[in-house]
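Each chain is listed here by its residues.
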Amino acid sequence: MNTFGERLKISTFGESHGSGVGCIIDGMPSNIKVDLGFIQNEINRRKGGLNLYSTQRKEDDIIEILSGVFEEYTTGTPIGIFIKNGNAKSSDYDDIKDLFRPSHADFTYFHKYGIRDYRGGGRSSARESIARVASGAFAKLLLNEFDIKIKSGIYSIGGIECNNINFDYAMESEIKSLDIDIEEKQKEMIMKAKQNHDSIGGVALLCASNIPIGLGEPLYYKLDSAIGALMLGLNGVKAVEIGNGVESSKIFGSQNNDEITNSGFLSNNSGGMLGGISNGDKIIIKVHFKPTPSIFKSQKTTTTTNKETILNLKGRHDPCIAIRGSIVAESMLALIIADMLLLNASSNIKYLKQIYK
Ligand SMILES: Cc1cc2nc3c(=O)[nH]c(=O)nc-3n(C[C@H](O)[C@H](O)[C@H](O)COP(=O)(O)O)c2cc1C
């Protein structure tokens, strides 16, 4: 299944080493000004090849808008987007066309479909996530109309956690670290992994602010369940925390409850949602990424005919997927909130009356 969203439906297509990756955004309201510079900049934030801490695959990643935008405004019709692949080195994958990379999707794609595009991981590659960032940029244009802002940064790498959270600093950090004082240690951890022909896991922190009360559709499209499902659908994500998350399972109610005053909540352990509905506070999410499966250490594996062998990998890979993954997660959060905003408009007769009066 390659489509998600209820009102704002995103369908993506394309493979890592095919002609390119694209998406169709269906359900975007008309008359939103499309700032192409902003959209391209969002895509550039996800780019690899910019420093030692990401894959060395360098792509131009120039966005082509095929439809749905006229004279710089959305028309309310499907927005088609295409981004060409230009720097695929498929020969890097010749040696592993009959082998499975441990912890990658090679094994399951082969056994499920009986055929697999082994070049760069085909459809299972996170090259696809560029389409999520492109559509997330459109979602952000919609959210801008309501002054809703979504930010992200790297919270921890290999267990080295930030003490201070500074989303502005993350925008300029090479590894998108949230803490200038911890960044160097996090960088050292990535370099250590790289030098050992290994990779390392990490956690991204997301924050959405100026959120109206009421977003989320209980019971089966709650704000938290939608965030959980869609974040876990992103390559390499193995856990998602809402607000105080895992910590809340270790403490007393009196420590975890967000007391209420007439000027707002006294804390935000619930991460901005209650009962699956936004409570007007900031939405706070942690997204946990596993280490990159493609590493350059020798590993045991099997062939497609089930013979045991040793894998010695070549190619270009991110040493820590959390870094570029944080931008994709931020885009996904924008898409979920935009979808919830559109859904909420029909949840209460009072909103509908405002439109049709
Ligand atoms: C932004 C991003 C970049 C990634 N880059 C790589 C990579 O260079 N090499 C790799 O083996 N996996 C990479 N991954 C992770 C794999 O796509 C993912 O682990 C794999 O498809 C298996 O899926 P699963 O981990 O969700 O089970 C990346 C993931 C993200 C989000």
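Bear in mind that the values here come from a model prediction, so they are computed numbers and not experimental data. (Residues numbered from 1 in each chain as written. Predicted model: local features only at pLDDT ≥ 70, side-chain atom pairs only at ≥ 80, totals over all residues. Heavy atoms only, no water.)

Remarks on the environment of Tyr155
Position of Tyr155 relative to the elements: it lies in strand β8 (residues 149-157). Since its relative accessible area comes to 14%, Tyr155 is described here as buried. Measuring from C-alpha to C-alpha, the distance between Tyr155 and Glu183 comes to 9.8 Å, with 28 residues separating the pair along the chain. Discounting residues that sit within four places of it in the chain, Tyr155 has contacts with Ile160, Glu161, Cys162, Ile165, Leu178, Gln186, Val203, Ala204, Leu205 and Lys286. (Helix = DSSP H or I, 4+ residues; strand = E, 2+ residues; numbered from the N terminus. Buried < 20%, exposed > 50% of the residue type's maximum accessible area, 1.4 Å probe, protein only. Contact = heavy atoms within 4.5 Å.)

Some remarks on the layout of surface pockets
Rolled over the atoms, a probe sized like a water molecule indicates the empty space that remains. In this structure, the second largest pocket occupies an estimated 360 Å³ of space. In this structure, the second largest pocket is lined by 18 residues; those nearest its centre are Leu142, Phe146, Leu341, Leu342 and Ala345. Elements that contribute at least two residues to the lining of the second largest pocket include exactly α8 (321-344) and α9 (349-356). Partitioned by chemical class, the residues of the lining of the second largest pocket number 12 nonpolar, 5 polar and 1 charged. (1 Å grid on protein atoms, 1.4 Å probe; cavity = no way out; pocket = protein on both sides within 12 Å on 5 of 7 lines; lining within 4 Å. Points joined across faces, edges and corners; volume = space filled by probe spheres on them. Nonpolar A, V, L, I, M, F, W, Y, C, P; charged D, E, K, R; others polar.)

Quick notes on the sheet that holds β8
An order of β9-β8-β10-β16-β11 is seen for the 5 strands of this open sheet, with the pairing classed as antiparallel. Every interior strand has two partners, whereas the edge strands, β9 (160-161) and β11 (237-242), have only one. In this sheet, strand β10 (residues 202-209) lies alongside β8 in antiparallel orientation, the contact comprising 8 bridges. Across the sheet, the residue bridging to Gly153 is Leu205, located in β10. Contacts from α8 reach β8, β10 and β16 (283-289) within the one sheet, and its direction differs from that of β8 by about 150 degrees. (Pairing = 2+ DSSP bridges. Axes fitted to C-alpha atoms, helices over the stretch in contact; angles between N-to-C directions.)

Concerning the packing of helix α6 (residues 223-232) against α8
One way to put it is that α6 packs onto α8 with a least axis distance of 10 Å and a crossing angle of 145 degrees. Here α6 and α8 pass one another in a crossing that is right-handed. Here Leu223, Ala226, Ile227, Leu230 and Met231 of α6 lie close against α8, whose contacting residues are Ala329, Met332, Leu333, Ile336 and Met340. Residue composition of the contact of α6 with α8, by class: 10 nonpolar, no polar and no charged. (Left-handed = near helix turned anticlockwise from the far one by under 90°.)

As for the nonpolar core
Ile283 and Leu333 are the most contacted members of the largest nonpolar core, which totals 71 residues. If near-sequence neighbours (up to four positions away) are discounted, Ile283 is found in contact with Leu206, Cys207, Ala208, Ile211, Leu223, Ile227, Gly271, Gly272, Met273, Leu333 and Ile337. Counting residues in each nonpolar core, the second largest holds 8 residues, with Tyr155, Phe167, Leu178 and Leu205 among its members. (Core = buried A, V, L, I, M, F, W, Y, C linked by side-chain atoms within 4.5 Å.)

Nothing here speaks to function; it is all geometry.
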